[in-house]
Structures are given as structure tokens and as C-alpha cells.
Protein chains: 2
Amino acid sequence: MNLATATPSEVRQLIRKGEIDAQTSGMCNGYAQANMAVLPKDLAFDFLLFTQRNKKPCPVLDVTEVGSPVPKLVAPTADLRHDIPRYRIYRHGELTDEVTDVEKYWRDDLVAFLLGCSFSFEGPMLEAGLEVRHITDQHNVPMYKTNIECIPAGVFHGPMVVSMRPMKPADAIRAVQITTRMPFVHGAPIHIGDPEAIGIKDIDKPNFGERSEIKPGEIPVFWACGVTPQAVAMAVKPEFMITHAPGYMFITDVLNAELSIM
Amino acid sequence: MNLATATPSEVRQLIRKGEIDAQTSGMCNGYAQANMAVLPKDLAFDFLLFTQRNKKPCPVLDVTEVGSPVPKLVAPTADLRHDIPRYRIYRHGELTDEVTDVEKYWRDDLVAFLLGCSFSFEGPMLEAGLEVRHITDQHNVPMYKTNIECIPAGVFHGPMVVSMRPMKPADAIRAVQITTRMPFVHGAPIHIGDPEAIGIKDIDKPNFGERSEIKPGEIPVFWACGVTPQAVAMAVKPEFMITHAPGYMFITDVLNAELSIM
């Protein structure tokens, strides 16, 4: 099976059977992939409120009913206990397990949050003829903690994490237009140019991911990043939390094009 | 004081002192006004999730911390117990009081939701030279229950309520463009043309508000309406609930222009 052109439900079946244990980048072209954070119900209201208050870094695609592993809106035939290739289990903020199935960890009081990711706007950028440096150079996108504080909600608070793509100024302008069309998946950039203005001391030393080369005449363009809500959730050291493993995303039935307002 | 050009905090002070007891339409031009629904904390997660799943009819502008009457994001100097000209108190779904201050009703377990309203996109329409019929004719916008079911969340479910504005086709197209720019305040229309296609039997008999005349050559244009979440909340007959009285809105410090993505 060609995983790039397979449907999300076909690929999720292979993941569920244990036949895929790989990062999901490049699978099911055109379909939105999602970050997952699973928290106990007693933290769910504050976390949902945090995402509501910080829409740019926290683009909610779906939230399950308490105890249900089924993301009814974005993939009604999926089961979040089996259909992600790799999971991480955290207890009191400590990573305790990395597993390929979380059925035995599931509890009746858990709520799963699926959060959009920048794959959704990188497709339209490539289609528009823009270069996305970390895709060209085949490495992870560089991500940075900033000095921009998210709006707190209940117990959750912390700095915004951003991803960076170097671009020629004309391409940066086009990228603003393209991502403005996607207000529900990070939306327009939050900053262009001087990294120090948002508290980034060394652009060559990202906090997460890998360095991207900034060529002469290019400027760095910064988008709010979906790592933000996970970092914020982790900082609270919740008694129990499940996430996807980095790069091993949940593949939804939603087309990226459906997440665009025009 | 000219209430049309006064600042939101000036007008809220007059409301707080009891010197204004009137509908807020036309006050503080350019600033977003909000619907309010206050619910006990035990319903707040489901209601927040309902708004998240039904963004078009439920454009959340702010949600207070549990027990706090201060909408920190949209009006940090305001107090929701005093700063709305008229409130309604519901017990088990029954309207029990209509009052001008709710301090004596406030409880430590209450969460206030402020939801955007269509005033925010009618300003930009008028500025673009479009006629808004119910403003021309000085009556309330006509609103209809549709056969479009909202996506349920926990105990909350119900049909989408829409508002209708009659327009010439060219103006309808322009109105789609203008409201597309405001995805966080209802966004683009949900339907154009045949009312029966969304379950409206008689366009001359709105369920709420008043009839608008549809002139020859005009088509009805339908937007998701902020009455939806109130109707949905009411249907659950919550033990206790506070809302604004219809037309007596909360005036925020947020410019409508800030709610536009371009």
C-alpha cells in the first residue's frame, strides 16, 4: 500500500494491527494530522479553556466525551487507544512508558484533546510554490520558547512555543496570506524578523526540533506551535497524562482544505 | 454624554450606577458587544465543549474563571454582576426574575460565558455600503430555528438558530467576503436562498425578532446566530442560569476590527 495516497482509515487500520510503527509525516496526503493530549476530567475544563483563550497555539480539532476514545467529529470510526503508532505515558509529569497501544492505560475519566498541527498549512504553502526549508532539508522544524506568555486558564500557564520557517520577504508575505486562510490551524504568523523581539536569544539553537539554515536575504517567520499546549499541560505535572510520541501523529478524516476558510 | 461615541468603560460605569437602563444597540460604536450566559461549574465543561464544537453559532469572546465576575480578556475593569443594563434569572429553565444587577444572585460556582454577536459584522457591512434591512427599517433582526442540528456535547444539544438579512445577489457575495474575514464572530453565512432547505417553513414568521421585508430580486442570507447557545442551555433546564435580557448586551473593550483576521 502506498501510505502517501492511502485513506486515513486504511492507514489507521494498519496502525491498529501493529503493522505501522513509524512517524506519520507524508502519510495520507491532504488530510489533517493531529497532536493528542489526554488528561483526567478534573483538568479538562481548565485545559479546554486554555485552548479557547490561546487559539493560535492550541487549534482544537476535537475533544472526546469523558471516557470515550472515539473522536466523533474528525474520525468517527477511529479509536484513540489503538490508532496512533506510538504513545507516551506520563505520571506526575515524568515520562514512564512509550508504547504502541494504550488500551490497558485507558480510564473512564479521561478526555482526549486533538490539536491541529502545522502540516496542515505546509501543504498549501508547497502547492503555492513556496519552499519550506525543513522539508527541503529533511529535518524537523525548529521550535523555540518565546517570552510571549500565553493567557493562563485555571492551573495552566506558560510561554508560547513557536515554529520557524526562513523565507524571502515576498514569500513571507504570501505565507501570511495563505495561513490567514487557516485561522483554525495556527493562522497567520505571530512574528516576522528579529528573533530577540520575542525572546529568542540564538536562532541557531532551537529548544525543540532542529536548526534551519537562514540564507542571505531571508527572514525568519514564526508561527504559534502546537507543542505549546503539551508543554503547558506537562508543566502542571498532572497525575496522569497520555500524549502521542513526537512525530507519531493521529491521522484524521478531515481534509486540510476543509480547515481553510477560503 | 454621547453614548454612541463614549468608551465602553464610560458606558459600563453609567450602567453600573443605574443611570442607563436601555438596549445597548448603537452604544460605543466600533466596539464588540456580547451575549452572556452564566452557568454553574458542573455544566461549564459541557457548555464550553458545545461552543468549541459549534463555533459558528457560538463565538466565545471570553469565559470567566470559576466564581469570578471579571471578564479578564475582553474587559478587565468590568464586573459582570453590575455592568449589563438588564439581566434574566432562570431556575430549572423558568424565567423567575428580570433585574438590573445580579450581585445578590452571584455564587462561587458560577462561570460566565460571553459570546459574540452579529453587531460585530453589521458595522463592517454598513461601512462597505451594504444595506442591512432591519437596521434601515429599525426593527429586530429576524431569527429562525432550522433543521440543522448542532453537534451535541454532553447534555447540550439542539437546532441551530440563524439570523436572516435580505440582499441583492451582488451584495450577498460581498457580505460573504466581509463575514469570512470574521471567523471568530459567526463567520460566513451558513445558507443562501431557499429557506425550506434549512427547515424554515415561513420566512415571514421568524421564531425570534421581527420579519424583514424581502424585496423583488433579493435573496435571504442566513448566518448562524448567537441565540443558539442560549436556547440550547435553556433546553437543559439548568438548576440556575443568568443571561442578559434580549438587546441589553455586555459592551466589551474589544474593537470589532480586532475580531477580523484581515
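Our subject in this report is the structure included herewith. Since the model is a prediction, treat every value here as computed from it, not as a measurement.

### As for the overall build of chain A
Then step 1. The secondary structure content of chain A amounts to 6 helices and 11 strands.
Then step 2. For 262 residues, the compact-globule estimate of 2.2 N^0.38 gives 18 Å, and the C-alpha radius of gyration of chain A, at 18 Å, lies within 12% of that figure.
Then step 3. Looking at chain A as a whole, 55% of its 262 residues qualify as buried.
Then step 4. The contacts of chain A with a sequence gap of at least 6 include a subset with a gap of at least 24, amounting to 76%.
Then step 5. Accessible surface, chain A as shown: approximately 10,600 Å² in total, 51% of it carbon and sulfur.
Then step 6. Considering chain A, the positive charge centre built from 25 side chains and the negative charge centre built from 32 side chains are found 2 Å apart.

### Overview of unusual backbone geometry
Residues and elements named next belong to chain A.
Then step 1. We note that Gln138 has phi near 55°; this positive angle belongs to a residue other than glycine.
Then step 2. Its location among the elements puts Gln138 in the loop between α4 (133-136) and β6 (143-149).
Then step 3. Under the relative-accessibility criterion, Gln138 is labelled exposed at 73%.

### Digging into the relation of the copies chain B and chain A
Then step 1. Superposing chain B onto chain A takes a rotation of 180° plus a shift of 0.0 Å along the axis, which leaves an RMSD of 0.0 Å. Look at the turn and shift together and you get a two-fold axis relating the two. The rotation axis passes nearest to the C-alpha of Phe45 of chain B in chain B, at a distance of 2.5 Å.
Then step 2. The fraction of interface residues of chain B whose copies in chain A are also interface residues reaches 100%, indicating that both copies meet through the same surface.

### Here's the deal with the interface of chain B and chain A
Then step 1. Taken together, the 25 residues of chain B in the interface contact 25 residues of chain A.
Then step 2. Of the roughly 2,200 Å² buried at the junction of chain B and chain A (both faces included), carbon and sulfur atoms supply 70%.
Then step 3. Linking chain B with chain A are 2 salt bridges.
Then step 4. Residues Arg53 of chain B and Glu65 of chain A are paired through a salt bridge, measuring 2.8 Å at the closest nitrogen-oxygen approach.
Then step 5. At the surface where chain B touches chain A, the tally comes to 8 residue pairs in polar contact (both at pLDDT 80 or more).
Then step 6. Those elements that place two or more of their residues in the side of chain B that touches chain A are α2 (41-53) and β2 (60-63) of chain B.

### Concerning the packing of aromatic side chains
Then step 1. Within the structure shown, the criterion is met by 9 aromatic pairs over all chains.
Then step 2. Ring geometry for Tyr144 of chain A versus Phe222 of chain A: centroids 6.3 Å apart, planes at 75°, classification edge-to-face. Of this pair, Tyr144 of chain A sits in strand β6 while Phe222 of chain A sits in strand β9 (residues 219-224), and the two are 78 residues apart along the sequence. Summarising the burial analysis for this pair, Tyr144 of chain A and Phe222 of chain A share the class buried.
Then step 3. Here the aromatic rings of Phe47 of chain B and Phe156 of chain B are separated by 5.2 Å at their centres, their planes lie at 70°, and the arrangement is edge-to-face. Of this pair, Phe47 of chain B sits in helix α2 while Phe156 of chain B sits in the loop between β6 (143-149) and β7 (159-167), placing them 109 residues apart in sequence.
Then step 4. Following the ring pairs from residue to residue traces out a cluster consisting of Phe47, Phe113 and Phe156 of chain A.
Then step 5. Over the ring of Phe184 of chain B we find Lys55 of chain A; its NZ or CZ atom is 5.0 Å from the centre of that ring.

### Structural notes on the pattern of salt bridges
Residues and elements named next belong to chain B.
Then step 1. One pass over the structure, following the stated rule, counts 30 salt bridges over all chains.
Then step 2. Between Arg12 and Asp253 there is a salt bridge, with its nearest N and O atoms 2.8 Å apart. Taken together, the residues Arg12 in helix α1 (residues 8-16) and Asp253 in strand β11 (residues 250-255) connect sequence positions 241 residues apart.
Then step 3. Measuring nitrogen to oxygen at the nearest pair gives 2.8 Å for the salt bridge that ties Arg211 to Asp204.
Then step 4. The partly exposed category is assigned to Arg211, whose relative accessible area is 43%.

### Observations concerning the sheet that holds strand β8 (residues 191-192) of chain B
Within a sheet, each strand pairs with its neighbour through backbone hydrogen bonds, oriented either parallel or antiparallel.
Then step 1. If you walk across this open sheet you meet the 4 strands as β6-β7-β9-β8 (chain B), and the pairing is antiparallel. Edge positions in the sheet fall to β6 and β8 of chain B, since each of these pairs with one other strand and no more.

Cut-offs applied
Note on numbering: residues in each chain are counted from 1, in written sequence order. Both sets of labels track the order of writing: A upward for chains, 1 upward for ligands. Per-residue local features of the predicted model are confined to residues with pLDDT of at least 70, and side-chain atom pairs are confined, for both listing and counting, to 80 or more; whole-chain, interface and lining totals are unaffected and use all residues. Side-chain metrics rest on all non-hydrogen atoms present in the structure, leaving aside hydrogens and water. Secondary structure elements follow DSSP: runs of H or I no shorter than four residues count as helices, runs of E no shorter than two count as strands, and numbering proceeds from the N terminus. For this measure, only C-alpha atoms enter the radius of gyration; the expected value for a globule follows 2.2 Å times N^0.38, where N is the number of residues. Burial classification: accessible surface area is computed with a 1.4 Å probe over protein chains only, and a residue below 20% of its type maximum counts as buried, one above 50% as exposed, and the rest as partly exposed. When checking whether two residues touch, look at their non-hydrogen atoms; a contact exists if any pair is within 4.5 Å. Reported accessibility uses the Shrake-Rupley method at a 1.4 Å probe radius. Residues are deemed covered only where the shown protein chains occlude them. Within this scheme the basic residues Lys and Arg register as positive and the acidic residues Asp and Glu register as negative, but His and the chain ends are omitted. One atom stands in for each charge, and that atom is NZ of Lys, CZ of Arg, CG of Asp or CD of Glu. Copy-to-copy superposition: least squares on the C-alpha atoms, limited to residues that have pLDDT of at least 70 in both copies. By buried area we mean the combined loss of accessible area, with a 1.4 Å probe, across both parts when two parts are placed together. Salt bridge, as used here: a side-chain nitrogen of Lys or Arg that lies within 4 Å of a carboxyl oxygen of Asp or Glu. Contacts described as polar in this section are N or O atom pairs within 3.5 Å, which, within protein, must combine one atom able to donate a hydrogen with one able to accept it, while residues neighboring in sequence count only if both atoms come from side chains. Classification of ring pairs rests on two measures: the distance between centres of Phe, Tyr or Trp rings, Trp counted by its six-membered ring, which must be within 6.5 Å, and the angle between planes, read as stacked under 30 degrees, edge-to-face over 60 and tilted in between. The rule is short: NZ of Lys or CZ of Arg within 6 Å of the ring centre and within 35 degrees of the ring normal puts a charge over the ring. Think of it this way: DSSP has to see at least two bridges between two strands before they count as a pair.

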